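Examining the three-dimensional arrangement
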Amino acid sequence: MSSKKAKYYAEDTGAPVRRRKRRRRGREKRIPSWVYRVILVLLAAVAGLVLWVNRANLTPENILDWVQEQVVGMGVGDGYPAAITGSVVSPKNFASSSGEAVMVSDTHLTVLNGTGKEVASRQHSFSFPVLRLSGQEMLLYNLGGSGYQVESRSRTLQKGSAEGNILGGAISSGGHYALLTESDGYLGQLTVYNDQNERQFEYKFSSCYPSAAALNSDATQALVGGLFARDGGLVSCLYLLDLNSSESVEPAAEYEENMLLDAFWYEDGTAAAVGDRLAALVDASGRVTEYQYDGRQLAAYAGGGGITALALLPYTDAASGELVLLDAGGRKAAFSLPEAPDSVALFGNTAAVLAGGTVYAYSIAEGVLLAQAEAGEDAAAIALRDETSAYVLGVSEIRLLEWDG
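Residues numbered from 1 in each chain as written. Predicted model: local features only at pLDDT ≥ 70, side-chain atom pairs only at ≥ 80, totals over all residues. Heavy atoms only, no water.

Next up on the list: unusual backbone geometry. Of the consecutive residues Tyr80 and Pro81, the connecting peptide bond is found in the cis state with omega at 10°. Locating Pro81 in the fold gives a position in the loop between helix H4 (60-73) and strand E1 (82-83). Despite not being glycine, Glu257 shows a phi value in the positive range, around 50°. Among the structural elements, Glu257 can be located in the loop between strand E17 (253-256) and strand E18 (260-265). (Helix = DSSP H or I, 4+ residues; strand = E, 2+ residues; numbered from the N terminus.)

Quick look at the structure:
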């Protein structure tokens, strides 16, 4: 080997000198192993903190629910239309949650995903089933009977029998639920249960028959509407109850010749009670205002996102109507309807009305018509899947209706 060539090799290994220098420089640029160890420790600490904060929810039952939902929710159905399980679905028992269609027929509670796949089907034996829905939490009860079921998407959480006949019910997004029942010696009773089915709160009504209720998201407050007779006339009453207090309270409002039909409590802290002649609106401070229908007749209603939607007719059998949108402060927007309304639904910035077999979609913020689409002559109710599509309840099937945003 010549001396000129030999200078590129080390005497001890025979490896090229320049290659060894490059290897040393590569080793100098590597991230030290202790850095990886620190990152792993930090990730473990963050994961531990998340587990600690959510420790109350990490029960074996909740973990099982999550696994079941992921497994059952996978896959694609045959699309829409999809047949109804059972004979008939009441429009009030037809809704949408998390992009899925939820309905209660005379025999079953059914949930269909966006592709028409049945992801839940539970049988019931109620003569007059009523569905109350908040997020993915569902309360199903037998109006006038004593049976009730609390449902999640994956399983039946509770099945029981109330102490008295059920007059109404409500459920919160956190899984707390309430039952309005008959009560010996009183006109009615509100009983609230936590998500472990333990009795949380009880209130007995001595001057009002309770008929409608709503819970706020953390089940610390309840809105209860009812009715009683005075001087030969009908009077509705509205109660705002603090579920952390056992004190008796006076009605927050009373309305003559008005029957309260339903109640809503919204995520923004406001609430509403819908009656046949007026709607009572409750702001976050508890102040109650009213919206009079001024002789118009209530045809349909819905509540969501802090908005109460009323579909009104000027008189019985009118050929056209009006959609009125209310927030806690009162009238927010109004739209004339070319035909008599049958159903109304809310999602995000969209308010939709089913009228004469056509769905009319309006922008809540801008107060304009966004789109209209044919729903079918047998359409009885709609439930918005999102701002540009709706599930349609037909006589024997569920359809999916979509339009351009």
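From this point on, the discussion continues.
If you trace the backbone, Asn194 turns up in the loop between strand E12 (186-193) and strand E13 (199-205). From its side chain, Asn194 meets the backbone nitrogen of Gln196 in a polar contact 2.8 Å long. With residues near it in sequence (within four places) discarded, Asn194 still touches Gly175, His176, Tyr177 and Gln200. (Polar contact = N/O pair within 3.5 Å; in protein donor to acceptor, adjacent residues only side chain to side chain. Contact = heavy atoms within 4.5 Å.)

This paragraph deals with the pairing of strand E15 (residues 221-230). Sheet topology note: the strand E14 (residues 209-215)/E15 ladder contains six bridges and is antiparallel. Each bridged residue has a counterpart across the sheet, and for Pro210 the counterpart in E15 is Gly226. If you look at the hairpin formed by E14 and E15, you'll find five residues sitting between the two strands, and Ala219 has a positive phi there, around 55°. As defined by bridge partners, E15 adjoins strand E16 (residues 233-242) across ten bridges and the pair is classed as antiparallel. Directly across from Arg230, in E16, lies its bridge partner Gly233. The hairpin formed by E15 and E16 contains two residues between the paired strands, and Asp231 there has a positive phi angle of roughly 55°. (Pairing = 2+ DSSP bridges.)

Summed over all chains, the structure comprises 14 salt bridges. Ionic contacts of the salt-bridge type, sharing partners, join the residues Glu163, Arg199, Glu202 and Lys204 into one network. (Salt bridge = Lys/Arg side-chain N within 4 Å of Asp/Glu carboxyl O.)

On inspection of all chains with the given rule, the structure shows one disulfide. With a sulfur-sulfur separation of 2.0 Å, Cys208 is cross-linked through a disulfide to Cys237. Highlighted residues: Cys208 in the loop between E13 and E14 and Cys237 in strand E16, separated in sequence by 29 residues. Its relative accessible area of 2% is what places Cys208 among the buried residues. (Disulfide = S-S within 2.5 Å. Buried < 20%, exposed > 50% of the residue type's maximum accessible area, 1.4 Å probe, protein only.)

Paired through backbone hydrogen bonds, the strands of a sheet run either parallel or antiparallel to each other. In space, the four strands of this open sheet follow the order E10-E11-E12-E13, with antiparallel pairing throughout. The open sheet is flanked by strand E10 (166-171) and E13, the only strands paired with a single partner. For this sheet, the mean angle separating the axes of adjacent strands, direction not counted, is 15°. Note that strand E11 (residues 177-183) and E12 share six bridges and pair antiparallel. Pairing of Ala178 across the sheet is with Val192, part of E12. (Axes fitted to C-alpha atoms, helices over the stretch in contact; angles between N-to-C directions.)

Moving on to the nonpolar core. Leu190, Val224, Tyr239 and Leu241 are the most contacted members of the largest nonpolar core, which has 19 residues in total. Of all the secondary structure elements, the ones that give two or more residues to this core are E11, E12, E13, E14, E15 and E16. Beyond its immediate stretch of four places on either side in the chain, Val224 contacts Leu180, Leu190, Phe205, Pro210, Ala212, Ala213, Cys237, Leu238, Tyr239 and Leu241. Counting residues in hydrophobic clusters, the runner-up holds 18 residues, among them Leu323, Phe335, Leu346 and Val353. (Core = buried A, V, L, I, M, F, W, Y, C linked by side-chain atoms within 4.5 Å.)

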